[in-house]
Amino acid sequence: LADHLELDAFHIVGYAMGGLYAYASAYAMPERIKQTVLISSGQTPQSEEDFRAMLPLYSMLQKLARDFPRIHRLFSTLMSRSFIKNPGQVIERLSVKACDSDKQILMNPAFQESFLKNLIEVYRQGPRHYAHEVELGIHPKYWGFTPQEITKPIHMWHGGKDAGIPLILAEKFHQQAPNSTLNVLPDKGHYLFYDHWPRILDDMLAAP
């Protein structure tokens, strides 16, 4: 894509699981990527401490993907059918244990419209692609490198009350990545990107 767009050097941003692909790109193309920005992202959960910090549903899905991939794919199929039939229920479920900041964003009609469109798109070609992505993410061995090998600057933004990808995962990635900085917004949750885009982009573009 970068070749097609004739981009010799560029910034890259990854949100949530997209952070995996952003820092994989930073590892693979250090000569072209100026800066990597990770939003609400971090290392994949590996210890019981990591899993306990996550929302129960997310923790269960990650463990199934790691230990019982066939069951995980079946569960993803059933879950996708439920979501497609009534996508609004996802907002309701996410709101139950969300922090105040995330609840405000989840109740925003503009956010809901965009979120639900994206959710439907995730499953457009069937649930197996989503399940496969989760399975790739939970097994660092598939990626062929470690955060210690990323030489380019990484700027991280994370909410202190993020229950989807808890702060502990961002902190552990930050401890491993030698050229990373971690900006923690104590009262924000997993959807901080929605109302912090201007600040994040200004910070990124101000970097040399």
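As shown above, the structure is provided for reference.
Residues numbered from 1 in each chain as written. Predicted model: local features only at pLDDT ≥ 70, side-chain atom pairs only at ≥ 80, totals over all residues. Heavy atoms only, no water.

Participant: Where do I start with the packing of aromatic side chains in this structure?
Facilitator: For any pair of aromatic rings, geometry is given as the distance between the ring centres together with the angle between the planes. Within the structure shown, the criterion is met by ten aromatic pairs. Ring geometry for Tyr 15 against Phe 193: centres 4.5 Å apart, planes inclined by 55°, an arrangement best described as tilted. Residue Tyr 15 is located in strand β1 (residues 10-15), and its partner Phe 193 is located in helix α10 (residues 193-206); the two are separated by 178 residues in the primary sequence. Among the aromatic residues, those joined into a cluster by ring pairs are Tyr 23, Tyr 27, Phe 145 and Phe 173. The ring of Phe 51 is capped by Lys 63, whose NZ or CZ atom sits 5.1 Å from the centre of that ring. (Phe/Tyr/Trp six-rings, centres within 6.5 Å; stacked < 30°, edge-to-face > 60°. Helix = DSSP H or I, 4+ residues; strand = E, 2+ residues; numbered from the N terminus. Lys NZ or Arg CZ within 6 Å of the ring centre and 35° of its normal.)

Participant: How do you make sense of empty space enclosed by the protein when you look at a structure like this?
Facilitator: It is a probe the size of a water molecule, rolled over the atoms, that shows where empty space is left. Tallied over the full model, the rule gives one cavity of 30 Å³ or more. Here the largest cavity is characterised by a volume of approximately 100 Å³. Around the largest cavity, the lining comprises 13 residues; the ones closest to its centre are Leu 55, Asp 102, Gly 164, His 190 and Tyr 191. Among the residues forming the lining of the largest cavity, the class breakdown is eight nonpolar, two polar and three charged. (1 Å grid on protein atoms, 1.4 Å probe; cavity = no way out; pocket = protein on both sides within 12 Å on 5 of 7 lines; lining within 4 Å. Points joined across faces, edges and corners; volume = space filled by probe spheres on them. Nonpolar A, V, L, I, M, F, W, Y, C, P; charged D, E, K, R; others polar.)

Participant: Which parts of the structure should I look at to understand helix α7 (residues 109-122)?
Facilitator: One turn of the α-helix equals 3.6 residues, which is why residues spaced by three or four share an orientation. Spanning 14 residues, α7 covers 20 Å between terminal C-alpha atoms, matching the ideal 20 Å at 1.5 Å per step. The set of residues buried in α7 consists of Phe 111, Phe 115, Leu 116 and Leu 119. The buried residues of α7 occupy an angular sector of 120° when the element is viewed end-on, so they sit on one face. Exposed residues on α7 whose side chains face more than 90 degrees from its buried face are Pro 109 and Lys 117. Buried-residue contacts for α7 involve α4 (69-85), α5 (88-96), α6 (100-106) and α10. The N-cap of α7, judged by a side-chain oxygen 2.8 Å from the amide nitrogen of Ala 110 a few residues on, is Asn 108. (Expected span 1.5 Å × (residues − 1). Buried < 20%, exposed > 50% of the residue type's maximum accessible area, 1.4 Å probe, protein only. Arc of directions from axis to C-beta. Contact = heavy atoms within 4.5 Å. Polar contact = N/O pair within 3.5 Å; in protein donor to acceptor, adjacent residues only side chain to side chain.)

Participant: So what exactly am I meant to see when it comes to the nonpolar core here?
Facilitator: Note on soluble globular proteins: their nonpolar side chains tend to be buried together. Ranked by internal contacts, the top residues of the largest apolar core, which has 23 residues, are Leu 106, Phe 111, Phe 115 and Tyr 191. Examining the composition of this core, we find that four residues originate from one element, α7, more than from any other. In contact with Tyr 191, other than residues within four places in its own chain, are Tyr 15, Leu 94, Asp 102, Ile 105, Leu 106, Phe 111 and Phe 115. Ala 26, Met 156, Ala 170 and Ala 177 belong to the second-largest nonpolar core, a separate cluster that totals 18 residues. (Core = buried A, V, L, I, M, F, W, Y, C linked by side-chain atoms within 4.5 Å.)

Participant: Would you mind going over the packing of helix α3 (residues 56-67) against α4 with me for this structure?
Facilitator: When two helices pack together, their arrangement is given by the angle between the helix axes and by the axis-to-axis distance. As a packed pair, α3 and α4 sit with axes 6 Å apart at the nearest point and diverge in direction by 135°. The angle between α3 and α4 places the two elements in the oblique class. From α3, Leu 57, Met 60, Leu 61, Leu 64, Ala 65 and Asp 67 reach across to α4, where they touch Pro 69, Ile 71, His 72, Phe 75 and Met 79. In terms of residue class, the contact of α3 with α4 is built from nine nonpolar, one polar and one charged. (Axes fitted to C-alpha atoms, helices over the stretch in contact; angles between N-to-C directions. Parallel < 35°, antiparallel > 145°, perpendicular 65-115°, else oblique.)

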